[in-house]
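Tertiary structure, described
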Amino acid sequence: MRPILAALSTGFVLAAVGPIPSAGAAGPSKAKVTFQDHVAPVLRTRCGSCHNADKQKGGLNLDSFGAAMQGGGSGKVIEPGDPDSSTILLVVTHQEEPKMPPNAPKIAEAEIDVIRKWIEGGALENSVSIATASSKPKFEFKLDPSAMGKPAGLPAMPENLSTEPFTPGAKPGAVVAMAASPWAPLVAIAGHKEVLLYRTTDNHLVGVLPFPEGLIYTLKFSRNGDLLLAGGGRGGQSGLAVAWDVKKGTRVFEVGKEYDIVLAADISPDHSIVALGGPSKVVRAYNTADGSLAYELRKHTEWITAVAFSPDGALLATGDRNNGLLVWEALTGREFHDLRGHSAFITDLSWRPDSNVLASSSDDSTIKLWEMENGSAIKNIGAHGGGALAVRFAPDGRIVSAGRDRVVRLWDGNGNKQRDFEGFGDLALQAVITFDGTKVVGADFSGEIRVWDAKSGQRLANLAVNPAPIVARLDQATRHLAAAKAEADSLAKTLAPLEAAAGEGRTRMIQAEARVRDAEQAVAQQEAVVRRLDGLAKSKAAAADDARATLRAAEELAARMAQERAAAQASVAESTRQEKAAAESLEAARASAERAIAEKTALDPGLLAAASAVKAATTPEAAAQASEALAKQAQRSMELIQQVVATGARVAGLRRELARIAAARSAAPEGAAHAGRIAAAAAGAVPAAREAVARAEIETAAAAKALAEASGALPALQKQVAEARKAVGPAKAALAAAEKAIADRRAPVDAAIAKAQALRAEVEALSAEKKRTSDSRGGLASAAKPGQ
C-alpha cells in the first residue's frame, strides 16, 4: 500500500449533517459533476470542521477548488480522471488507512458516488471547465502486494537495447555504483554519464542507458527487477533520480529536482516511492506517480550516503557521512530506530531478504548486522582494513563486501568469512553477487571490473567500464572470431589421433572384458557341474548307507527268525514232556485222595466208638481217657478231611494244567512251521540286500570319482579368470590415459569452441544492432528530404 498523505493522516472529520444538495434527477449521473455545484457541499458538510481555511489539519484546505486541488502538506489528494489513485476517495471508502471519518462508518454511498464521478470526469471546477489530462504516467508503478518479489513470468532482461556508448572514448574511471538484478543474470554498472547493462551468463554488454544529467552515484534494481533506478547529477548544480524499464530501456519517471548531486537512492518494493539524499543532509521521499514530495527526513547532520528500503517495504534505512544510521517507517516517515555503533561515515546499506536484518558498512572498517525488533547490533565484522566501502546481501543470506584493502570478500550469513577474491590494484569500491549466488562482480577505483566464480574464486571475465563504439567492437569481435575459429579448428585436429588411440584402447578393453566374461562363464558352468556331482555323490552315499542298513536289518531278522524256529521246535518236545509229567502228577494226586478217603472211612467207626466210650465213662479217669482217645480220633479224621480237600484242589489244578499243556502241544507244531517259513524268507532276503549294498557302493565310488575330476578342473578355469582380469587392468589404464589425454585436450578445444560461439553471437548481435542503427538513420535522412 502506498503511503497515506500526512494531510489525511492527521484527521479527516466528516460530520453527517444531512443529505447533499440535490443535483436534479439527471444530476451527477448524466450532467457534468463539478466541484462548485456538487462536491463542495459534500466537503463543507463532511470535512469542513477540520479542513477549512482557518483550521487546515495536515495543511489540507477543502473550502475551495484551488486549495483542494493543491492538496496538503504531503502532496496531492486528488488525481483528475483517476479515482483509484485519489487518496481522498480511498480513505472515505475505507480502502486505505486512515479510514475517514475516523472510528465511524463510511459516509453515504450517494456522497461517495458524487466524489467518484467528479474525479472520473476530470475534477471540474464548474460547468464551463474543461477536463485536463491526468498527470499520472501510463506506467503502472504501484504493484499488488502479492507481486512484490519474484515476477510471475520471466524476469526482466533487456530486449534489443542499444549498446552504443553514450560517451564514446571516455577514459576509465572509478566505478562508484553497481547493482545486480534480484531475479535475472544482469548487472548494472555506472559508467561516464551512462549505465552499462551486462548479462552475467556470457558477460556480454546488452544495453547502454544514457544519463546526460551528469555522473551516476547510485544504482538500484526494483524488488521485482523490472525497473532500474539511478541517482546522480552535477556537483553543486543539480541532482535527480531516474528509473528505466529494464526490458525496453525507456525512462519511466524522473523525481527529485535537487540543487546538488544525488548520492544515494532507492525505490520502494511497490514502486510507489523513491527515497533519495545527498549533500543537502535531507532525505526526501517522492511519489513516483506524479513526482510530488511525500515526506522529508531532516534528522541527519551530514551528507546522505546510503538509502535502502526493506524488501517488505515496511522500513527505510538511511546513513550519512557523520556515522548517523537511522531506520524509518517507510509509509509515514516516522523514526523507527536510531542505530548507533559506527565511528565513521556509512558507506553502504543492504537488507537481508527477509527484512529482519540490516547490514551496514562503514569507513571505520567494520560491517555491522542489526536486528530490527530492538535495533541491536547482532554482529560486528572487522571486514576491511582502512574502511569497508560496500556491502550486499545475497538471496541466500550470504554477504559480499569490498573495501579500502583492495579486496572483495564473501561471508556466510553469520558473518564468517568464506573467501577472499584476488586483490585489485586500487581501492575495491563495489561488490555484488548475482541473483543465483554463483558469481561475484567487483570493481575498483581504477575502473577495473572483475567477474569471479563464487564457489571456486576463479576469475571468469573482466567487464569494460568504457566499451568501444559498436563499429569498433564489431570489428574487434570479427577479428577475434576469426582467430577463435582458427584456434578451435587447429585444436580440434589434434583430437583425431588421441581419439583413434582411445578407440583402439576401448577395443582392447572390450576384448579383455569379453575374455573375463567367457572365463567367468566357464567357471560358473564348471561350478554348476561340481555342485550337481556333489549332490549326486551325496545321494549315492546316502543310498549305500540305506542299503547297508537294509542288509543289517535282513540279517538280524533272519537270525531272530532262526532262533524263533528252534525255540518253536524245542517247545513241541517240551510240551510233550510237560503233558506226561502233568498226567503222572494228576494220577498220583488222585491216588493220594483215594487213600485218604479210604483211611477216613476206616477211621469213622473208631471215632463213633470213642464218642460212645466218653458217654459211657463212669469215672473221671475213664471219661478223661475216653475224651483223650476221642480227640486223637477226631484230629486224625480232620487231617484226613483236609488232605482229601487239598488233594482234590491239586487234582483240579493238574487237570487244567494238563488241558493247557495239551492245547500248547497241539499248537506247537503249527508255530514251529510258521517260524520256519519266516526264517526261510528272512534268510532269502539277505543275499538281495548284500547285492544292493554292493551296487550302491560301486555307484558311490563312481560319483565320488566324477566329483573329484570336476573339482580338479576348477583351479585351471579360475586361473584363466584371474589371468583375464589381470589383462583388463592395463587395458583400462591405457584407455583411461587415452581418455584423459582427450579430456585434457578437449577442455581447451571446448573452451575455444565456446569462445568462438560467444564471439559469433556477439558479432551477430552487433551486426544486427549496427543495421538497426543504420536503417534508423536512413529513415531519418529520407524523412528530412524535401518533397517526401
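Here is what the cut-offs are and how they apply
- Residue positions are given per chain, counted from 1 along the sequence in the order it is written.
- In keeping with the model being predicted, local features are shown solely for residues with a pLDDT of at least 70 and side-chain atom pairs are shown and tallied solely at 80 or more, while totals for entire chains, interfaces and linings include all residues.
- Heavy atoms from the whole structure form the basis of all side-chain values; hydrogens and water molecules are not counted.
- Counting from the N terminus, the helices are DSSP H or I runs at least four residues long and the strands are E runs at least two residues long.
- The atom set for the radius of gyration is the C-alpha atoms, and the globule formula is 2.2 Å times the number of residues raised to the power 0.38.
- Between buried and exposed lies partly exposed: a residue is buried under 20% and exposed over 50% of the maximum accessible area for its type, with that area taken using a 1.4 Å probe on protein chains only.
- When checking whether two residues touch, look at their non-hydrogen atoms; a contact exists if any pair is within 4.5 Å.
- Pairing between two strands requires that DSSP report at least two bridges joining them.
- Axis definition: a line fitted to C-alpha atoms, over the contacting stretch in the case of helices. Angles run 0 to 180 degrees between N-to-C directions.
- Just so you know, the count uses Lys and Arg for positive and Asp and Glu for negative, and it drops His and the chain ends.
- Salt bridges are counted wherever a side-chain nitrogen of Lys or Arg sits within 4 Å of a carboxyl oxygen of Asp or Glu.
- Within 3.5 Å is the distance limit for a polar contact, defined as a pair of N or O atoms, with the added protein rule that one can donate a hydrogen and the other accept it, and that residues adjacent in sequence qualify only through two side-chain atoms.

The helix and strand tally for the protein stands at nine helices and 28 strands. Taken over the C-alpha trace, the protein has a radius of gyration of 62 Å; the compact-globule value for 788 residues is 28 Å, which it surpasses by more than 25%. Each principal axis of the C-alpha atoms in the protein carries an extent, and together these give about 195 × 95 × 60 Å. Counting across all 788 residues of the protein, residues that qualify as buried make up 44%. The long-range share in the protein, meaning contacts at least 24 apart out of those at least 6 apart in sequence, stands at 56%.

Taken in spatial order, the four strands line up as E17-E18-E19-E20 in an open sheet, and their pairing is antiparallel. Edge positions in the open sheet fall to strand E17 (346-351) and strand E20 (377-382), since each of these has one partner strand only. On average, each strand axis in the sheet is tilted by 15° relative to the strand beside it, whichever way the strands run.

Right, let's get into the pairing of strand E9 (residues 264-267). A two-sided burial pattern is seen for E9, the buried positions comprising Ala264 and Asp266 on one face and Ala265 and Ile267 on the other. Examined bridge by bridge, E9 and strand E10 (residues 273-277) share four bridges and lie antiparallel to one another. Note that in E10 the partner of Asp266 across the bridge is Ala275. What sits between the antiparallel neighbours E9 and E10 is a turn of five residues, in which His271 has the positive phi angle 65°.

Mapping Asp444 onto the fold places it in strand E26 (residues 439-444). In this structure Asp444 is buried but unpaired, with Arg450 as the nearest side chain of opposite charge at 6.1 Å. A polar atom in the side chain of Asp444 sits 2.9 Å from the backbone nitrogen of Glu448. Ignoring sequence-local partners within four residues, the contact set of Asp444 consists of Ala174, Val175, Phe424, Gly425, Asp426, Leu427, Ala428 and Leu429.

Our next topic: the pattern of salt bridges. All told, the structure shown has 44 salt bridges when counted by the stated rule. Across the salt bridge formed by Lys117 and Asp113, the nearest N and O atoms sit 3.3 Å from each other. With Lys117 and Asp113 both in helix H6 (residues 109-120) and four residues apart, the pair spans about one turn of that helix. Notably, a salt bridge pairs Arg352 with Asp354, separated by 2.7 Å at the nearest N-O pair. By relative accessible area, which is 26% here, Arg352 ends up partly exposed. Judged by relative accessible area, which is 38%, Asp354 ranks as partly exposed. Among the ionic contacts, a cluster of salt bridges with common partners joins Glu213, Arg251, Glu254 and Lys257.

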